[in-house]
Amino acid sequence: MRYVVRRLVIFVLTLWVALTLNFLIPRLMPGNPAQAALAKLAARGPVSPTELHAIELTLGLPHGSLLSQYGGYLVALAHGHLGVSYTFFPESVRSLIAQALPWTLGLVGTTTVLAFVVGTLLGVLAAWRRGGIIDTVATVGSTFTAAFPYFWTALLALYVLGFVLGWFPIRGGYASTLSPTWSLGFIVDAAYHAILPAATILVSSLGGWLLGMRNTMIPTLGEDYVTFAEANGIPSRTVALRYAARNAILPNVTGFGLALGFVVSGSLLTEVVFGYPGVGSLLYNAVVNEDYPLMQGLFLVITVSVLVANLIVDLLYGVLDPRVRR
Amino acid sequence: MSGQVARWRTGRRSRPIQGLMVGLAGAAVLAACGSASTSSASSTTKVSPTLTIGVDNGSPTLQDDFNPFSGNQRIGTTYMYEPLAWVNPLQGTTVPLLAASEHFTNPTTLVVTLRSGMKWSNGAPITPADVVFTFDMLKQYPALDGAGIWDHVSSVTSSGSTITFTFTAPDVPFAQSILETPIVPKSVWSSVSNPVTFTNTNPVVSGPFVLKSFNPNEYVLAKNPDFWDASSVEVKTINFPALTGNQTSQLTLAQGGYDWATLFIPDVQKVWVAKDPATNKYWFPSGGEITLFLNLAKAPFSSVAFRQGISAALDRSTIATKAEDGYVPVASQTGLLLPNLKQWLDPAIPNSGYVSYDPTAALADFAKAGYHLSGGKLTGPSGAVSMSIIVPNGFSDWIEAAQVISQELAKVGISVTLQTPEYAAYASDLSTGSFTGAIGAFGGTGNPYNDLHGLLAASLAAPLGQTAASNYERWVNPTTETYLHALAAAVTTSAQRNAVYGLEQQMVNDVPVVVLYQGAIWSEFSTKNFVGWPSAQDPYAPPQPYGQAPLVIMTHLRLR
């Protein structure tokens, strides 16, 4: 029980620090959001000097001391208000995040789980048949794909499979003629649009799980109890999965817990390259346009989900491994 | 890199990712040569009355906002809301839209007469009351008044079919800002509780198109049968798919996915035209002037002779060619966009104000200012001269220009460091004067007063550390003020001409800024379905799918 309380206190403290940094960091950036908004207009043609004033009036830029802004920020957060986005004015930050989150959870969530399951299983297989053909292909192959810069893989897939061969759409989360609904047609179309981005994430992240699993699995296979199980004539699949893999998987589970927390932040490069309407694209736009409220809203959601994932992993560890409870 | 499409001021290309895509797109062209028959077959297919325009950035999806006063309005908004009139920046001519005519009765009174018999898209008549209401709304909500109308105007009244604007001081050239203000129906907007946050998802409009459908990936406009000039509109529908980035936009254009786009494409001939030379066209006219701003409040740039030296030390044609892939001409030091505004060019200015590259003359100019080359370094009273040039991050063509400039200045002994802050930081440095050199742009309004007023007026400058509105170089000169005031009050062409000539001579002789080359409007379009696009032979509008130019272009396009 003391262990749980201690974890919770640390959680609350970290949360407060994160919230404060979340408030401070955007305000340390040079320039101001009205000037960033002006940049968008300036790209469309000459802007009159009075435009900046009008934009400042429209956005209602924060004024007052930093301390009073901080107080206002904490109060608004407590009420669940994330404010109004500057970039997408007058859209509220909450509705923007609510629109983007399902896409990211769908795409990045699914691929994270898939990469973990497939990567770990392949890792088990590679370690069990180490030195064999599967091990050689999987290990060398995943070292190879993990070494590619992600955007390169993504652009190559986009260009070859999307543009040259025309098998997949090259942009967006769904066809431009459709509106987001829960109809079968839309879901099929959205899944079709997700194939290319999902495949590129899988290719680049599979290797990490595979190598991690293989490398912890190999020493485990040398343990006495594995040799004992084999000597007793237990079927090799049972030995591999129930005896060796079950013990070797712990570090991968920790990694998986954290990865799930980071799912919410989206996959920035994927979403930017494929124009995917998720949190990553939103974050990119928020930063480029100095959109304080949107940045704060996004970082808040991301920080909280990472912290919560961390807390859950911590609490689970307490259950799984009695030693950490001391 | 996100949704930023290259517009008139800059081609934002070649962050590493895009640089790669450009290479790939080149390969696409090579690969496509073998199967050219598929694209040429398109000329026999049926002509479609639909235009697909690749211009509106989704970030990555589109927000439903058709408020004509919002900075975040959808591009299609200006295809629906008309102003009283529009000025063609390529020729400086005024095209009446809602107005039948407009004229100044004296330098402080502008009288506009509306066309008769016009209707809003909901069938209600368009009356002078709508115009007065629109301007009153801008007065009530300064956040909507981006042009600063109510800094110049004291009242807007109507009687019969005319509307009278009374100015606080003579300011004839400001008429352009008034005439180009979009007019909205009083019946709809008077019940809007806050027009600043109003997203106007169901626009009632006067122009050639109405909103047909909207979804976050694409919106569609349809021809407005109630438009006063509806018989001139042959485009039945316009699709605006969301753009999601330069990479994918270029690929989509190359695939024939857009009828009209505004992208900076290195080697447009290969990537776009060669795909179907019969129909794939482009025209990149000038839309502004790319300029080296020098901070006149700091030595040695406060010296005229020194600035002339810098001007002579720059080979503008090399800068323009390297920065913009040879798409744009060099600019005249007069500050006039030529040949668009050639009717304003002072014939007494040698070589039309084009400065020739002459490093020897540059060194002579520097000597006059008290700076001499010693040991490869230009040295003056306070040691060797060095400067920095700021360019917004990601504006890779401007960065390229600044790199050429620093090489050329190195040849006359000035060491230049290049800084590329994010745009917001760049804008803040410019306006507060915390820079020595900067690449920027000005002009392109089609009116020499508006172009030069923003650049040179003392009221738009500020001491170092305070925010200057647009006179970033901080040029404060009594002669300039005299010319600007004379120009503001001038209603006859000859009086206007005298003042403009005076300003041009100051630009050439005193070099308040170093004008480099003309900034292009990027425009690629297809004649597969529609002809009648603006061209160098018939520059009735800049070929840009954003802003108010499409209102005029849409009445010129003809089905093929």
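Quick caveat: nothing in here was measured; it's all calculated off a predicted structure. (Residues numbered from 1 in each chain as written. Chains lettered and ligands numbered in written order. Predicted model: local features only at pLDDT ≥ 70, side-chain atom pairs only at ≥ 80, totals over all residues. Heavy atoms only, no water.)

S.K.: Which residues make up the overall build of chain A, and what are the values?
M.R.: Across its full length, chain A carries 14 helices and 0 strands. Reading chain A from its N end, one meets helices and strands in the order α-α-α-α-α-α-α-α-α-α-α-α-α-α. Each of the 326 residues in chain A was classed as buried or not, and the buried ones make up 44%. The long-range share in chain A, meaning contacts at least 24 apart out of those at least 6 apart in sequence, stands at 74%. Here chain A displays about 15900 Å² of accessible surface, and carbon together with sulfur accounts for 72% of that area. (Helix = DSSP H or I, 4+ residues; strand = E, 2+ residues; numbered from the N terminus. Buried < 20%, exposed > 50% of the residue type's maximum accessible area, 1.4 Å probe, protein only. Contact = heavy atoms within 4.5 Å. Areas by Shrake-Rupley, 256 points an atom, 1.4 Å probe, with all protein chains shown as cover.)

S.K.: Lay out the overall build of chain B with the relevant residues and their values.
M.R.: In terms of helices and strands, chain B carries 17 helices and 23 strands. The buried share of chain B, taken over its 560 residues, is 61%. Counting every atom, chain B has about 19100 Å² of accessible surface; 54% of that belongs to carbon and sulfur. In chain B, 30 side chains carry a positive charge and 37 a negative one; their mean positions are 5 Å apart. (Lys, Arg positive; Asp, Glu negative; His and termini not counted. Charge placed at Lys NZ, Arg CZ, Asp CG, Glu CD.)

S.K.: Could you give an account of the pattern of salt bridges, with specific residues and numbers?
M.R.: Within this structure, the stated rule accounts for 4 salt bridges over all chains. Between aspartate 135 of chain A and arginine 214 of chain A there is a salt bridge, with the nearest N and O atoms lying 2.7 Å from each other. Here the residue aspartate 135 of chain A occupies a position in helix H6 (residues 133-147), and arginine 214 of chain A occupies one in helix H8 (residues 184-221), the gap between them amounting to 79 residues. Arginine 214 of chain A matches aspartate 135 of chain A in its accessibility class, with the two residues each being buried. Two residues, aspartate 56 of chain B and arginine 74 of chain B, come together in a salt bridge whose shortest N-O distance is 2.9 Å. Taken together, the positions of aspartate 56 of chain B in the loop between strand S1 (50-54) and strand S2 (85-88) and arginine 74 of chain B in the loop between S1 and S2 put the pair 18 residues apart, joining distant regions of the chain. Of the two residues examined, aspartate 56 of chain B and arginine 74 of chain B, each falls in the buried class. (Salt bridge = Lys/Arg side-chain N within 4 Å of Asp/Glu carboxyl O.)

S.K.: Which residues make up the sheet that holds strand S16 (residues 383-384) of chain B, and what are the values?
M.R.: Read across the open sheet, the 3 strands follow the order S14-S15-S16 (chain B); overall the sheet is antiparallel. Edge positions in the sheet fall to strand S14 (372-374) and S16 of chain B, since each of these pairs with one other strand and no more. (Pairing = 2+ DSSP bridges.)

S.K.: Summarise the nonpolar core; cite the residues concerned and give the values.
M.R.: Residue and element names in this part refer to chain B. Ranked by internal contacts, the top residues of the largest apolar core, which has 85 residues, are Ile310, Leu409, Ile414, Ile439 and Tyr517. Broken down by element, the residue count for this core peaks at 7 residues, all from helix H12 (residues 396-411). Counting 77 residues, the second-largest nonpolar core is a separate cluster that includes Phe167, Leu179, Ile238 and Tyr540. (Core = buried A, V, L, I, M, F, W, Y, C linked by side-chain atoms within 4.5 Å.)

S.K.: Could you give me a rundown of the packing of helix H5 (residues 93-128) of chain A against H8 of chain A, with the residues and numbers involved?
M.R.: All names here are of chain A. Following both chains from N to C, one finds H5 and H8 inclined at 35°, their axes separated by 5 Å at the closest point. For the element pair H5 and H8, the recorded crossing hand is right-handed. Its residues assigned to classes, the contact of H5 with H8 comprises 25 nonpolar, 6 polar and 1 charged. (Axes fitted to C-alpha atoms, helices over the stretch in contact; angles between N-to-C directions. Left-handed = near helix turned anticlockwise from the far one by under 90°. Nonpolar A, V, L, I, M, F, W, Y, C, P; charged D, E, K, R; others polar.)

S.K.: Now, about a nonpolar patch on the surface: what can you tell me, with residues and values included?
M.R.: Residue and element names in this part refer to chain A. Together, Met1, Val5, Val9, Leu13, Trp16, Val17, Leu21, Leu24, Ile25 and Leu66 make up a nonpolar patch on the protein surface, roughly 980 Å² of accessible area in all. No other element matches the 8 residues that helix H1 (residues 2-27) contributes to the nonpolar patch. As for its placement among the helices and strands, leucine 24 is situated in helix H1. (Patch = residues over 30% accessible without salt bridge, like charges linked within 9 Å, V, L, I, M, F, W, Y side chains within 5 Å.)

S.K.: Describe unusual backbone geometry, and please don't skip the residues or the numbers.
M.R.: Residue and element names in this part refer to chain B. Of note, the amide linkage connecting alanine 299 to proline 300 takes the cis form, showing an omega dihedral of 0°. With an omega of 5°, the peptide bond between leucine 338 and proline 339 qualifies as cis. Following the sequence through the fold, proline 339 ends up in the loop between helix H10 (316-324) and helix H11 (359-368). If you check the backbone angles, valine 511 has positive phi at about 45° while not being a glycine. Mapped onto the secondary structure, valine 511 falls in the loop between helix H16 (493-510) and strand S20 (514-520).

S.K.: Pulling in residues and values, what's your account of the environment of proline 350 of chain B?
M.R.: When you line up the elements, proline 350 of chain B lands in the loop between H10 and H11. Residues proline 350 of chain B and valine 508 of chain B, spaced 158 residues apart in sequence, show a C-alpha to C-alpha distance of 9.7 Å.

S.K.: I'd love a proper account of the environment of serine 535 of chain B, names of residues and values included.
M.R.: Residue and element names in this part refer to chain B. In this structure, serine 535 sits in the loop between strand S22 (530-531) and helix H17 (549-553). By relative accessible area, serine 535 is classed as partly exposed at 21%. As a C-alpha pair, serine 535 and proline 285 span 250 residues in sequence and 8.7 Å in three-dimensional space.

S.K.: Go over the sheet that holds strand S8 (residues 209-215) of chain B, please, and point to the residues and values.
M.R.: Residues and elements named next belong to chain B. Strand order in the open sheet formed by 7 strands is S8-S9-S10-S1-S11-S21-S12, and the pairing between neighbours is mixed. For this open sheet the edge positions go to S8 and strand S12 (280-282), each flanked by a neighbour on one side alone. Taken together, the 2 bridges between S1 and strand S11 (residues 260-261) define a ladder with parallel strand orientation. Its bridge partner lying in S11, isoleucine 53 is registered against tryptophan 260.

S.K.: I'd like a description of the pairing of strand S15 (residues 377-380) of chain B, backed by residues and values.
M.R.: Two faces make up the sheet, and in a regular strand the side chains alternate between them. All names here are of chain B. Burial of S15 is one-sided: the residues Leu378 and Gly380 facing one way are buried, the residues Lys377 and Thr379 facing the other way are not. Note that S14 and S15 share 3 bridges and pair antiparallel. Bridge pairing in S15 places histidine 372 opposite threonine 379. Looking at chain direction, S15 and S16 are connected through 2 bridges and run antiparallel. Its bridge partner being in S16, threonine 379 is matched across the sheet by alanine 384. Adjacent in sequence and paired antiparallel, S15 and S16 are bridged by 2 residues.

S.K.: Mind laying out helix H10 (residues 236-248) of chain A, listing which residues take part and the relevant values?
M.R.: Residue and element names in this part refer to chain A. Listing the buried residues of H10 in full gives Val239, Ala240, Ala244, Ala245 and Ala248. End-on, the buried residues of H10 take up no more than an arc of 130°, which puts them together on one face. Turned more than 90 degrees off the buried face of H10, the exposed positions are Arg242 and Arg246. Elements that come into contact with the buried residues of H10 comprise H5, H8, helix H9 (224-231) and helix H11 (250-263). (Arc of directions from axis to C-beta.)

S.K.: Any chance you could break down the side chain of serine 305 of chain A for me, citing the residues and the numbers?
M.R.: Residues and elements named next belong to chain A. Within the element layout of this structure, serine 305 appears in helix H14 (residues 292-320). On the basis of relative accessibility, which here comes to 17%, the residue serine 305 falls in the buried class. Beyond its immediate chain neighbours, meaning those up to four positions away, serine 305 contacts Gly261 and Val264.

S.K.: Go over the packing of helix H14 (residues 448-456) of chain B against H16 of chain B, please, and point to the residues and values.
M.R.: All names here are of chain B. The N-to-C vectors of H14 and H16 enclose an angle of 45°; their axes lie 11 Å apart at closest approach. Here H14 lies oblique to H16, going by the angle between them. Between H14 and H16 lies a crossing of left-handed hand. On the side of H14, the interface is formed by Pro448, Leu452, Leu455 and Leu456, while H16 contributes Val500, Leu503 and Met507. Its residues placed into classes, the contact of H14 with H16 shows 7 nonpolar, no polar and no charged. (Parallel < 35°, antiparallel > 145°, perpendicular 65-115°, else oblique.)

S.K.: Lay out helix H9 (residues 304-313) of chain B in plain terms, naming residues and giving numbers.
M.R.: Residues and elements named next belong to chain B. Most of H9 sits out of view: 8 of its 10 residues are buried. Along H9, the residues classified as buried are Ala305, Phe306, Arg307, Gly309, Ile310, Ser311, Ala312 and Ala313. For H9, the side-chain oxygen to backbone nitrogen distance between the N-cap and alanine 305 is 3.4 Å, and the N-cap itself is serine 303. (Polar contact = N/O pair within 3.5 Å; in protein donor to acceptor, adjacent residues only side chain to side chain.)

S.K.: Break down the packing of aromatic side chains for me, with residues and values.
M.R.: Under the criterion given, the structure shown has 31 aromatic pairs over all chains. Between tyrosine 70 of chain A and tyrosine 73 of chain A, the ring centres sit 6.4 Å apart and the planes meet at 25°, which makes this aromatic pair stacked. Here tyrosine 70 of chain A pairs with tyrosine 73 of chain A, and both are found in helix H4 (residues 66-78), just 3 residues apart, close to one helical turn. When the centroid spacing of 6.0 Å and the interplanar angle of 65° are considered together, the rings of phenylalanine 293 of chain B and tyrosine 472 of chain B count as edge-to-face. A residue pair is termed long-range when its members are at least 10 positions apart, and phenylalanine 293 of chain B in strand S13 (residues 286-294) and tyrosine 472 of chain B in the loop between H14 and helix H15 (478-489) qualify at 179 residues. Residue classification places phenylalanine 293 of chain B among the buried residues on the basis of a relative accessible area of 2%. (Phe/Tyr/Trp six-rings, centres within 6.5 Å; stacked < 30°, edge-to-face > 60°.)

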